[in-house]
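Remarks on the overall topology
Spelled out from the first residue to the last, the chains are:
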Amino acid sequence: MDYTTFGRTGLNVSVMGLGCGGPSRIGQSAEKSDAESIAIIHQALAAGVNFIDTAEAYRTETLVGAALKSKGVARDKIVISTKKSYRREISPALVREGLEASLKRLGTDYIDIYNLHGVGPLDYARLRDEILPAFFQLRAEGKIRFIGVSEMFNDDKTHQMLRDSLPDDVWDVVMVGFNILNQTAREQVFPQTVAQDVAVQIMFAVRRTLSQPEKLVAALQTLIDQGQLDPTEVDMDNPLGFVFEESDATSLVDAAYRFCRYEPGVHVVLSGTGNPDHLQANIDSLCRPPLPEGVGQKLRHIFRHARAVTGQ
Ligand SMILES: NC(=O)c1ccc[n+]([C@@H]2O[C@H](COP(=O)([O-])OP(=O)(O)OC[C@H]3O[C@@H](n4cnc5c(N)ncnc54)[C@H](OP(=O)(O)O)[C@@H]3O)[C@@H](O)[C@H]2O)c1
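Notes on the structure in this doc start here. Owing to the predicted nature of the structure, the values given are computational and were not obtained by experimental measurement.

Overview of the nonpolar core
Counting residues in each nonpolar core, the largest one holds 85 residues, and the members touching the most others are L299 and F303. A total of 7 residues in this core trace back to one element, the largest contributor, which is helix 11 (residues 252-261). Beyond its immediate stretch of four places on either side in the chain, L299 contacts I180, Q183, L240, F242, V243, F259 and L291.

Structure below.
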């Protein structure tokens, strides 16, 4: 595993973060047993992954806590990121209550990165003014080390919430949607995070579209229909086939993870799976060298106007 400094948090983190949400929720969405999900976490730890992302909404915090406990992982050897939901109901008291419940499920007395979960642009100012002070208070008490925010990428495909929030300079960590198909964060988010040394974790590196060929064709068609992709620049019978002809990429998933990992400004790429073979493949991908510059350039060029899809 490779490691990097996680922006201004100064934390030493693995370049791959294990995502315990997303479509698979470490296998829970595919009816895998708790033991199988815990085995996924153990496999990631054994490969050197020291960054785990979960959330109260994922219902995987208990599994993370159990996995860390059963391996006797020293608390200072793991970086735990979890999130507070706000959509049903939120108040400073509920933040404290939620944090205490997360601590209990995770079996720890502090969270490294506590995030506001899936914040939409219309909600941002209210949450900053009414809820963020509760995060500051918990940080002052030592229950949170760093404060983060994650965006609602499917509804906010060009990062309006992050564009509004970064100038406040109160977020140590942001979770950003970025992948081959939607590279808008390169212009909209990364210049600001780099300037402020804000730590960046990437979600949606692969999601479903880049791991399922029929979904890829549909996404490309959407981009063509919206005038955001030049149809002469993609072969719909063999989409992105040039990636394999011109690089050592073993799959589109492999190329997608490598594309994200080496993007300037990116610290951690999250990867979620309930499948041990996929996990090993993704670990390998995130430890491989960058794609050849020519392939990266072509991918940047082809999708330069794309903003209508997220890879969902
Ligand atoms: N707003 C938010 O805060 C937010 C939103 C979304 C995600 N997240 C976080 O970000 C993490 C990453 O999420 P994500 O959206 O990027 O999706 P993801 O959780 O990484 O999901 C990847 C998808 O691709 C499949 N997959 C993974 N590796 C594969 C491989 N090698 N070959 C084929 N298929 C593969 C997985 O299914 P299998 O199980 O079959 O492998 C899964 O369906 C989440 O786990 C979560 O922690 C946060």
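Regarding the pattern of salt bridges
Tallying each qualifying case throughout the model produces 21 salt bridges. K84 is paired through a salt bridge with E56; the nearest N and O atoms lie 3.0 Å apart. Note that K84 is positioned in strand 5 (residues 79-84) and E56 in the loop between strand 4 (51-53) and helix 2 (61-70), a separation of 28 residues in sequence. With a relative accessible area of 7%, K84 lands in the buried category. One salt bridge connects E61 with R105, and the closest N-O pair in it is separated by 2.7 Å. Here E61 is found in helix 2, whereas its partner R105 is found in helix 3 (residues 92-106), with 44 residues between them in sequence. Owing to a relative accessible area of 2%, E61 belongs among the buried residues under this scheme. The partly exposed category is assigned to R105, whose relative accessible area is 32%. In the salt-bridge network here, residues are joined through shared partners; they are R8, R139, D169 and D172.

A short note on unusual backbone geometry
Phi is positive for H159, close to 65°, though the residue is something other than glycine. With respect to the helices and strands, the residue H159 is situated in the loop between strand 7 (144-151) and helix 6 (160-165).

Brief notes about the pairing of strand 5
Burial analysis of strand 5 places 6 of its 6 residues in the buried class, the great majority of the element. Neither face of strand 5 is open: one carries V79, S81 and K83, the other I80, T82 and K84, and all of them are buried. Examined bridge by bridge, strand 4 and strand 5 share 3 bridges and lie parallel to one another. Note on strand 5: the bridge partner recorded for D53 is S81. Tracing the backbone out of strand 4, into helix 2 and back to the parallel element strand 5 gives a crossover that is right-handed. Of the strand pairs in this sheet, strand 5 and strand 6 (residues 111-119) are connected by 4 bridges, and their pairing is parallel. Bridging from a neighbouring strand, T82 pairs with Y114 of strand 6. One crossover worth recording links strand 5 to the parallel strand 6 by way of helix 3, and it is right-handed.

Describing helix 1 (residues 34-46)
Between its terminal C-alpha atoms helix 1 stretches 18 Å, which fits the 18 Å expected from 13 residues at 1.5 Å a residue. Listed in full, the buried residues belonging to helix 1 are S37, I38, I40, I41, H42, A44 and L45. The elements touched by buried residues of helix 1 are strand 3 (16-19), strand 4, helix 2 and helix 12 (276-286). A positive backbone phi angle near 100° is found at G48, which sits one or two residues after helix 1.

Basis of the calculations
Residues numbered from 1 in each chain as written. Predicted model: local features only at pLDDT ≥ 70, side-chain atom pairs only at ≥ 80, totals over all residues. Heavy atoms only, no water. Core = buried A, V, L, I, M, F, W, Y, C linked by side-chain atoms within 4.5 Å. Buried < 20%, exposed > 50% of the residue type's maximum accessible area, 1.4 Å probe, protein only. Helix = DSSP H or I, 4+ residues; strand = E, 2+ residues; numbered from the N terminus. Contact = heavy atoms within 4.5 Å. Salt bridge = Lys/Arg side-chain N within 4 Å of Asp/Glu carboxyl O. Pairing = 2+ DSSP bridges. Right-handed = clockwise from strand over helix to strand, strands pointing away. Expected span 1.5 Å × (residues − 1).

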